[in-house]
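Given next are the chains, with one letter for each unit.
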Amino acid sequence: VKAVAAAAAAGPQPVAAAAEAQAAAPLGRSVTMAECEKHCTPDDCWLVIDGAAYDVSSFVNSHPGGEMIYVHAGRDNTQIFDSYHPDRVRGMLPKYKIADVSDYTPGKSREQDVLVYGDEGGFYRELKKRVQAKFKETGKHPRFHPEMLIKSALILAGVALTWYGAYFAFPGCLALSFLCAVGLGFFRAEVGMSIQHDANHGSYTTNNTLGYIMGLTLDCVGASSWVWKQVHVNGHHAYTNVPTHDTDVWVDQKGDVRRIVEGTAHLWFYKLQAYYLPILYGALSLKSMFGDLTLIRTLLYGDTHRFVAPTTKEAILFWSLKALSFSYLIGLPALYSPHGLGAAAALFLTEQWTCGLTLAYLFQVAHVTLPASWPKAEGGRIKMGWATAQCATTVNFCPGSWFWTHISGGLNHQVEHHLFPGICHMHYPMLYPVVKATCEEFGVPYLSYDTFPEAVRGHFTYMHKVGQGFKIPTLGDA
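Throughout this description, residue numbers start from 1 for each chain and increase along the sequence as written. Given that the model is predicted, a residue must reach a pLDDT of at least 70 before its local features are reported, and side-chain atom pairs must reach 80 or more before they are shown or counted; all residues, however, enter totals for whole chains, interfaces and linings. Side-chain metrics in this entry use all non-hydrogen atoms of the structure; hydrogen atoms and water are not considered.

**Student:** For this particular structure, what's the right way to read helix α6 (residues 174-199)?
**Tutor:** Each turn of an α-helix holds 3.6 residues, which means side chains three or four residues apart point in the same direction. Where helices and strands are cited, they refer to DSSP runs of H or I of at least four residues and of E of at least two residues respectively, numbered from the N terminus. In a helix, the anticipated span is given by 1.5 Å times the number of residues less one. Here α6 contains 26 residues, and its C-alpha end-to-end distance of 36 Å stays within 8% of the 38 Å for a straight helix at 1.5 Å per residue. If you look at α6, its biggest bend is around 30 degrees, right at V191. Note that bend, as reported per residue, equals the angle between axes fitted to the 7 residues terminating at that residue and the 7 residues originating from it.

Here's what the structure looks like:
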């Protein structure tokens, strides 16, 4: 593993943007976080940014990023706002400001969710300028790359063909059907990594209607784009690897199927987790298909992360596309496959496990691995700046590789993705040298594995060590 530089972990300092926002507040007007949470629909959309409330309801239909604007409506959007917008967009905020938030203080409870990062020291602002200059120099658009359309067509065709091949095309050859089932699992995973991931980050296309439709491809293969945005965009990207806040790495503090961070319960079987997880990870696809049914009812992930309730349109799409995906993935094969019910069930589990393993292996190596940090929220504060924390908690593999960028949907460039989630993943190889050089200049860590097998080893080595209960020093301890 190559850590290009040590972490620049500055202590918590006043955020200049927050001070400016407070100064521009309407005289005497203040609201609470609880009041802000009531304004969480497209027609009544408030955003909390750096301790101020902004009513952007009139801007929702004009927002260049489409419906991304109300994914976290009524809640603290500070980190999400900064990661998706160039600094000049902050100049638009004053005209939408309606009040200061009186109880915007670091901390985490069911009533408020505020996590404040330390001062960035100019790193992120300079990096944004250089990335913008790169796009201006090349004439490319950050949210579009023509190869995405070709790749999407091939993946969706792959899903259709391998589904038919797995359950209906080869009644006399079960071996070919199982081969197609493996292919179906792979292509379903590709929908998750290469199509919906960009679409639901608002980075697939400049056409918001097309982007929304492509985001729904996740629903069409069994999961939910609404749940994914609540968990991945709102929880994971805003608070990467902060154990109490990051929903992508959340585990039950009293004990779960795996132990991924110190401070949680240590059960005896965790000492074996590096041996059973390589197979158990295959259940990820099934977990998404069926777990979503609980999440949309409770609007609660774990014991603290509360979802923004779905709109009527989102709820209708959730249930109708769940019915569609369950029908063709389970119902039709069970009723009509010439292989019979038992074989159809085995084929279903094969494709589900293939999908789950593909997703788990490519996602887990980015954050749950030896060099990645686990920042500690002390009193609702993180010492590192937000962008610095993204670099310290995220690890690339095979950066610059055209092959791995396509196959992983850009997950091999997770550092670039976390810093710029609103940029299409096919641009990350171009940005990689810019990001790496800027990290070196500012003394910010840039972590990367040379090969994918090395990344997989790094993940399971970490899982073995944390499973034994060892203390694993990270940059987050600084």
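**Student:** Explain the pattern of salt bridges to me, please; I cannot follow it from the model alone.
**Tutor:** Charged atoms that come close allow side chains of opposite charge to pair. A side-chain nitrogen of Lys or Arg and a carboxyl oxygen of Asp or Glu constitute a salt bridge if their distance falls within 4 Å. Summed over the entire model, instances satisfying the criterion amount to 13 salt bridges. A salt bridge links D82 to R90, with the shortest nitrogen-to-oxygen separation between them at 3.0 Å. The closest approach of N and O atoms between D100 and K97, which form a salt bridge, is 3.1 Å. Just as D100 is buried, K97 falls in that class too. Buried means the residue's accessible area, taken with a 1.4 Å probe over protein chains only, is under 20% of the maximum for its type, while exposed means over 50%, and partly exposed covers the values in between.

**Student:** Would you mind going over the packing of helix α4 (residues 123-138) against helix α17 (residues 428-442) with me for this structure?
**Tutor:** A pair of packed helices is characterised by two quantities: the angle between their axes and the separation of those axes. Axes, fitted as lines to C-alpha atoms, cover a helix only where it is in contact. Angles between the N-to-C directions of the axes lie from 0 to 180 degrees. Packing of α4 against α17 brings their axes to within 10 Å, and their N-to-C directions diverge by 150 degrees. Judged by the inter-axis angle, α4 sits roughly antiparallel to α17. Seen from above, α4 lies across α17 with right-handed handedness. Contact residues: α4 offers F123, E126, L127, R130, V131, K134, F135 and T138, while α17 offers M430, L431, V434, V435, T438, C439, E441 and F442. The classification used treats Ala, Val, Leu, Ile, Met, Phe, Trp, Tyr, Cys and Pro as nonpolar, Asp, Glu, Lys and Arg as charged, and all other residues, Gly among them, as polar. Partitioning the contact of α4 with α17 into residue classes produces 10 nonpolar, two polar and four charged. Small angles under 35 degrees read as roughly parallel and large ones over 145 as roughly antiparallel, with 65 to 115 read as roughly perpendicular and the rest as oblique. Less than a right angle of anticlockwise turn of the near helix away from the far helix marks a crossing as left-handed, whereas a clockwise turn marks it as right-handed. Contacts are residue-level and defined by heavy atoms, with any inter-residue pair within 4.5 Å sufficient.

**Student:** How should I be thinking about unusual backbone geometry in this particular structure?
**Tutor:** Negative phi is the rule for most residues except glycine; trans is the rule for most peptide bonds. Unusually for a residue other than glycine, D50 sits at a positive phi of about 50 degrees. Positionally, D50 belongs in the loop between β4 (44-49) and β5 (52-55). One non-glycine residue, N241, adopts positive backbone phi at about 60 degrees. Take N241: it is sitting in the loop between α9 (225-237) and α10 (273-280). Judged by its relative accessible area of 0%, N241 is buried.

**Student:** Can you help me understand the packing of α10 against helix α13 (residues 341-367) in this one?
**Tutor:** Where α10 contacts α13, the axes come no closer than 9 Å and their chain directions differ by 125 degrees. It follows that α10 is oblique to α13 by the angle criterion. Residues P278, I279 and L280 of α10 pack against W353, L357 and Y361 of α13. Partitioned by chemical class, the residues of the contact of α10 with α13 number six nonpolar, no polar and no charged.

**Student:** How do you make sense of the pairing of β5 when you look at a structure like this?
**Tutor:** Where a strand is regular, its side chains alternate between the two sheet faces. Strand direction decides the pairing type here: β4 and β5, joined by four bridges, are antiparallel. Residue I49 lies in a different strand from β5, and its bridge partner there is A52. One bridge is not enough; two strands pair if DSSP finds at least two bridges between them. Connecting β4 to the next strand, β5, in antiparallel fashion are two residues, including D50 with a positive phi near 50 degrees. The pairing of β5 with strand β6 (residues 97-101) spans three bridges and is antiparallel. Counted as the bridge partner of A52 is D100 from β6.

**Student:** Explain the sheet that holds strand β3 (residues 40-41) to me, please; I cannot follow it from the model alone.
**Tutor:** What holds strands together in a sheet is hydrogen bonding between their backbones, with the strands either parallel or antiparallel. Strand order in the open sheet formed by five strands is β2-β6-β5-β4-β3, and the pairing between neighbours is mixed. The open sheet terminates on both sides in strands that have one partner only, identified here as β2 (30-31) and β3. Strand direction decides the pairing type here: β3 and β4, joined by two bridges, are antiparallel. Residue pairing across strands places T41 opposite D44, the latter belonging to β4.

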